[in-house]
Amino acid sequence: TARALVLRGRGGAFCAGGDLGAMSDMPAKPRKGPDPLLASYRVFGRVLARLNRLPQAVISVVAGPAVGGGFGMVCCSDVVILHRSAKFGVPEPRSGFIPSQILPFVVRRIGEGAARALAVTGAIIDAQEARRLGVGQLVCASATALERRLLAVLQDVGRMEPDALATVKRLILGCASESEETVLDRASLELVRLLRRPQARAGMRAFLLKRPPPWARKQGPRPA
């Protein structure tokens, strides 16, 4: 029944990055066996991968800094609404370490060239530059405008048939790792499957009659 997941921060920041105090107070490396830190960091990578594959619409509302893991979460989102205060970057190398688990998601979102430039300079980009690079689609000048835009996006998502939305997300994600023929074959199979369901007939009938489809939510889905 959940139709969308909305990610947003509190206190003027989406995500200020990792806790450097906790990171510097690490356990000693064992003499034998794998380093215990490896498993804990890979957990976050698996969380990002699951977030990226979530069948529901994922919407990030970003005000203030979104660095480190927050940058990765934004790059796993389908729609990103930016307040003009939003800022992004990968400043970790300044402190002697790297942004490890977010890298594939950031590179896919903004491209290798832009990711390399951010990584080797530690530059922090503003909302307009983030929009230009494709991090987000919408920039809002005020908190009121941000809330209006979020409501409009949620209303749009509420008009989507859930299985069709999940299917098109899977196909889009597959374009990054699968061959063109594989994606096209799978897309044709999914299209036929969807067309043969009663939901498609109801949706097309509603369109022709200029009525909302039966699954539409007038006020949009509630943020999770």
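What you are looking at is a predicted structure, and each value in this text was computed from that prediction instead of being measured.

**Q** Whenever I open this one, the overall build of the chain confuses me. Can you help?
**A** Of the regular secondary structure elements, the chain holds ten helices and seven strands. Across the 224 residues in the chain, those meeting the buried criterion constitute 36%. For the chain, long-range pairs separated by at least 24 residues make up 70% of all intrachain contacts whose partners lie at least 6 apart in sequence. Each charge class in the chain can be summarised by its mean position, and for the 34 positive and 17 negative side chains these summaries are 7 Å apart.

**Q** Looking at this structure, I do not really get the sheet that holds strand E5 (residues 87-89). What am I missing?
**A** Pairing between the strands of a sheet comes from backbone hydrogen bonds, and it takes one of two forms, parallel or antiparallel. A sheet is described by the order of its strands in space; here three strands give the open sequence E3-E5-E6, paired in mixed fashion. Edge strands, defined here as strands with exactly one partner in the open sheet, are strand E3 (65-67) and strand E6 (124-126). Within this sheet the neighbouring strands show an average axis-to-axis angle of 25°, counted without direction. Inspection of the sheet shows E3 paired to E5 by three bridges, in the parallel sense. Looking across to E5, one finds that valine 67 is bridged to glycine 89.

**Q** Quick question: what am I supposed to make of the packing of helix H8 (residues 162-174) against helix H9 (residues 180-195) here?
**A** Packed helices, taken two at a time, are described by their axes: the angle between them and the distance between them. Packing of H8 against H9 leaves a shortest axis separation of 10 Å and a crossing angle of 175°. By the criterion of interaxial angle, the relationship of H8 to H9 is roughly antiparallel. Contacts from Asp163, Ala164, Thr167, Arg170, Leu171 and Gly174 of H8 reach H9 at Val183, Arg186, Ala187, Glu190, Arg193 and Leu194. Class assignment of the residues belonging to the contact of H8 with H9 gives a composition of five nonpolar, two polar and five charged.

**Q** Explain the environment of threonine 182 here, please?
**A** If you trace the backbone, threonine 182 turns up in helix H9. You can call threonine 182 partly exposed: its relative accessible area is 38%. Once the C-alpha coordinates of threonine 182 and leucine 195 are considered, the two residues, 13 residues apart in sequence, prove to be 20 Å apart.

**Q** How do you make sense of the pairing of strand E4 (residues 79-83) when you look at a structure like this?
**A** As a general feature of sheets, a regular strand has side chains that alternate between the two faces. Among the five residues of E4, four are classified as buried, and the element is accordingly described as predominantly covered. Where strand E2 (residues 57-62) meets E4, four bridges bridge the pair, whose relative direction is parallel. Within the sheet, the bridge partner assigned to serine 60 lies in E4 and is valine 80. Direction of pairing for E4 relative to strand E7 (residues 138-140): parallel, over a ladder of three bridges. By the bridge assignment, histidine 83 is partnered in E7 with cysteine 140.

**Q** Help me out: how do you make sense of helix H10 (residues 198-208) in this one?
**A** Since the α-helix packs 3.6 residues into each turn, any two residues three or four apart lie on the same face. Within H10, burial applies to Ala200, Ala202, Gly203 and Ala206. An end-on view of H10 places all buried positions within 165° of arc, on one side of the element. For H10, the exposed residues set more than 90 degrees away from the buried face come down to Pro198 and Leu208. Of the surrounding elements, those touching the buried residues of H10 are H9. Just past H10, the residue lysine 210 takes up positive phi, approximately 55°.

**Q** I'm lost on the sheet that holds E7 in this one. Help?
**A** What the four strands build is an open sheet, ordered E1-E2-E4-E7; its pairing is parallel. On the outer flanks of this sheet lie strand E1 (4-8) and E7, each paired with one strand and no other. Neighbour-to-neighbour, the strand axes of this sheet turn through a mean angle of 20°, independent of strand direction. Contacts from helix H7 (residues 143-158) reach E1, E2, E4 and E7 within the one sheet, and its direction differs from that of E4 by about 170°.

**Q** Would you take a moment to explain the pattern of salt bridges for this structure?
**A** If you walk through the whole model with that rule in mind, you get eleven salt bridges. Two residues, arginine 197 and aspartate 163, come together in a salt bridge whose shortest N-O distance is 3.5 Å. Of the two residues, arginine 197 sits in the loop between H9 and H10 while aspartate 163 sits in helix H8, which places them 34 residues apart along the sequence. Looking at arginine 197, the relative accessible area reads 14%, which means it is buried. Among the salt bridges present, the one from glutamate 190 reaches arginine 193, with a minimum N-O distance of 2.8 Å. Placement of the pair is glutamate 190 and arginine 193 together in helix H9, with a separation of three residues, close to one helical turn. A network of salt bridges, in which partner residues are shared, links Glu161, Asp163, Arg170, Glu190, Arg193 and Arg197.

The rules behind these values
- Residues numbered from 1 in each chain as written.
- Predicted model: local features only at pLDDT ≥ 70, side-chain atom pairs only at ≥ 80, totals over all residues.
- Heavy atoms only, no water.
- Helix = DSSP H or I, 4+ residues; strand = E, 2+ residues; numbered from the N terminus.
- Buried < 20%, exposed > 50% of the residue type's maximum accessible area, 1.4 Å probe, protein only.
- Contact = heavy atoms within 4.5 Å.
- Lys, Arg positive; Asp, Glu negative; His and termini not counted.
- Charge placed at Lys NZ, Arg CZ, Asp CG, Glu CD.
- Pairing = 2+ DSSP bridges.
- Axes fitted to C-alpha atoms, helices over the stretch in contact; angles between N-to-C directions.
- Parallel < 35°, antiparallel > 145°, perpendicular 65-115°, else oblique.
- Nonpolar A, V, L, I, M, F, W, Y, C, P; charged D, E, K, R; others polar.
- Arc of directions from axis to C-beta.
- Salt bridge = Lys/Arg side-chain N within 4 Å of Asp/Glu carboxyl O.

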